[in-house]
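# Working through the structure, step by step
These are the residues of each chain, in order.
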Amino acid sequence: MHGYTDKQLEILGDAILAYSADRLKLDPVPLDQPHTLAELEAAAGGTITAEGIGGLKALELFGETLAPACISTDHPRYLSFIPCAPTEAAAMFDLVVGASSIYGGSWLEGAGAVYAENQALRWIADLVGLPAEAGGVFVPGGTIGNLSALVAARHTARAKAARAGVTGPGGRPWRVAATHGAHSSIQSACDVMDAEFIGVEVDDNMRLTGAELRKVLEENGPDTFFAVVATSGTTNFGIVDDLASVAEVCREFGIWFHVDGAYGGAGLAAESVRHLYEGIEHCDSFIVDPHKWLFAPFDCCALLYRDPALARAAHTQHASYLDVLTDAPDWNPTDYSVGLTRRARGLPFWFSLATHGTSAYSAAVERTLEVTRFAAAEIARRDHLEVVREPDLSVVVFRRLGWSAGQYQEWSDRLLAEEFAFVVPTSHAGETLTRFAIVNPRTSEDDIVAILDTMA
Ligand SMILES: *Cc1c(COP(=O)(O)O)cnc(C)c1O
């Protein structure tokens, strides 16, 4: 099985490279759409056999039957959820990472990869304004990033309480404060950790503020909290919380300040919105998903800590067969998150950043913001459409006056069935609405107009 001849390798290698290159050259890519299980069973049948069907056949099956049953997240009119639009450089380098059999968990095994990943992390740390000692790791996604940061926060708070000799219910802080606009992964992390999520009211502009946070902390007892989570770009609206006032309250009460920038952290690279993030430099931990708005392929979340030693104390796994790694003074990425074995998943992002330079990243993020502002203006200009909240970043939520929930859904289904666009309904305060999330620099003003024209 491992013994492909040079000839066989060449044939399959050429086919795979040709497939990948062709996919990258498509402009635009086909949007595609899901197929039913019955359709896939009829078209693909059983694919795993005792003798194997051979690489060329399996590749053909993928290209002709399976891939068309997957929506292309990089289609310029894919504006649902948060799309993923990698640069060609990042997508191509993903192939190299796969072919290189690198273990990205330890310096001993993956020094070169870890070195490069850490430079990419440093670029992000500088955008945030974190000190030279800051560091972290690329994890699969924001969910694991948030969980890992909260585990480090709780470990730190409990160690502090123990050192202070605090006993009783306040001695083992178990609460997390965040708004209900915070991402569902915060609640999910609380569930996993058996921690309690305490919701904080937002201000008139839908942001978490220090004043509301203070009320909640004082009502519940600040010592019962081990972390506050602010969001720098909520998923549904792209709202950046009032980070400066939240940071101040966290500092006053000595509570870990985590900033979830999974989607919106990328805006730090854009001069036009940079001011929204004031105060972020005080965070104890931060995440951003390069697979969202920083043009990297799935799955890639950058997790950073102000003081990585605190995370290391919480996350290092101890086992006799690992002693050779954990006793070394080296930077072992695996010590900073939940999980052990890891793909060097930061490398495609690093490669693209190294290739294009950071200015190109800033320009690409600005371009998506420009198209978002165009979309908001275009919506406001049309009588039957209404922006629900002016966008902070690159998400616009809007209503079609007179439409029921069913009409939004029918419209959305029709656009996908025609493989024209993928825009799903969302909701806010009980009302069905729709939403554009624009993170793909290929999404143009023309795409926006074409979609809005279908809502007349
Ligand atoms: C997407 C998102 C997450 C979760 O990230 P995954 O990579 O999907 O796990 C967390 N927080 C925010 C604000 C997000 O937008």
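- The chain carries the name Aspartate aminotransferase family protein in an unreviewed UniProt entry, which gives Knoellia koreensis as its organism.
- Per UniProt, the chain has the following entry under Sequence similarities (unreviewed entry): "Belongs to the group II decarboxylase family."
- Entered under Cofactor (unreviewed entry) in the UniProt record, the comment concerning the chain runs "pyridoxal 5'-phosphate".

### Remarks on the site of the ligand
- Around the ligand sit 14 residues, and of these Gly142, Thr143, Asp260, Asp289 and Lys292 come closest.
- In this structure, Gly142 approaches the ligand through a main-chain N or O atom, which is 2.7 Å from an oxygen atom.
- Residue Thr143 places a side-chain N or O atom 2.7 Å away from an oxygen atom belonging to the ligand.
- In isolation the ligand has 380 Å² of accessible area, and contact with the protein removes 86% of it.
- At the level of elements, helix 6 (142-163) and helix 10 (290-293) are the ones that each hand at least two residues to the shell around the ligand.
- Take the shell around the ligand: its biggest share by element is three residues, from helix 6.
- Here the shell around the ligand is composed, by residue class, of two nonpolar, nine polar and three charged.

### So, the sheet that holds strand 6 (residues 285-288)
- Here seven strands make up an open sheet; going across it, the order is 1-7-6-5-4-2-3 and the pairing mixed. The sheet terminates laterally at strand 1 (135-139) and strand 3 (196-200), the two strands that pair on one side only. The mean inter-strand angle of the sheet, taken between neighbouring strand axes irrespective of direction, is 20°.
- In terms of strand pairing, strand 2 (residues 175-179) meets strand 4 (residues 225-231) through three bridges, oriented parallel.

### Observations regarding the UniProt feature "modified residue: N6-(pyridoxal phosphate)lysine" (unreviewed entry) in the chain
- This chain's UniProt record puts "modified residue: N6-(pyridoxal phosphate)lysine" (unreviewed entry) on Lys292.
- Structurally, Lys292 can be placed in helix 10.
- What makes Lys292 buried here is its relative accessible area of 14%.
- Leave out the neighbours within four places in its chain, and Lys292 touches Ile82, Pro83, Ala262, Tyr263 and Val439.

### Structural notes on the packing of helix 1 (residues 6-25) against helix 3 (residues 55-66)
- Two numbers describe how helix 1 lies on helix 3: the axes approach to 10 Å, and their chain directions differ by 15°. Looking at the two axes, helix 1 sits roughly parallel to helix 3. Relative to helix 3, the crossing made by helix 1 is left-handed. Residue-level inspection shows Ile11, Leu12, Ala15, Ile16 and Tyr19 of helix 1 in contact with helix 3, the latter providing Gly55, Leu56, Leu59, Phe62 and Gly63.
- Class assignment of the residues belonging to the contact of helix 1 with helix 3 gives a composition of eight nonpolar, two polar and no charged.

What counts as what
Residues numbered from 1 in each chain as written. Predicted model: local features only at pLDDT ≥ 70, side-chain atom pairs only at ≥ 80, totals over all residues. Heavy atoms only, no water. UniProt positions renumbered as here; feature names shortened; annotations may be inferred. Near = heavy atom within 4 Å. Polar contact = N/O pair within 3.5 Å; in protein donor to acceptor, adjacent residues only side chain to side chain. Areas by Shrake-Rupley, 256 points an atom, 1.4 Å probe, with all protein chains shown as cover. Helix = DSSP H or I, 4+ residues; strand = E, 2+ residues; numbered from the N terminus. Nonpolar A, V, L, I, M, F, W, Y, C, P; charged D, E, K, R; others polar. Pairing = 2+ DSSP bridges. Axes fitted to C-alpha atoms, helices over the stretch in contact; angles between N-to-C directions. Buried < 20%, exposed > 50% of the residue type's maximum accessible area, 1.4 Å probe, protein only. Contact = heavy atoms within 4.5 Å. Parallel < 35°, antiparallel > 145°, perpendicular 65-115°, else oblique. Left-handed = near helix turned anticlockwise from the far one by under 90°.

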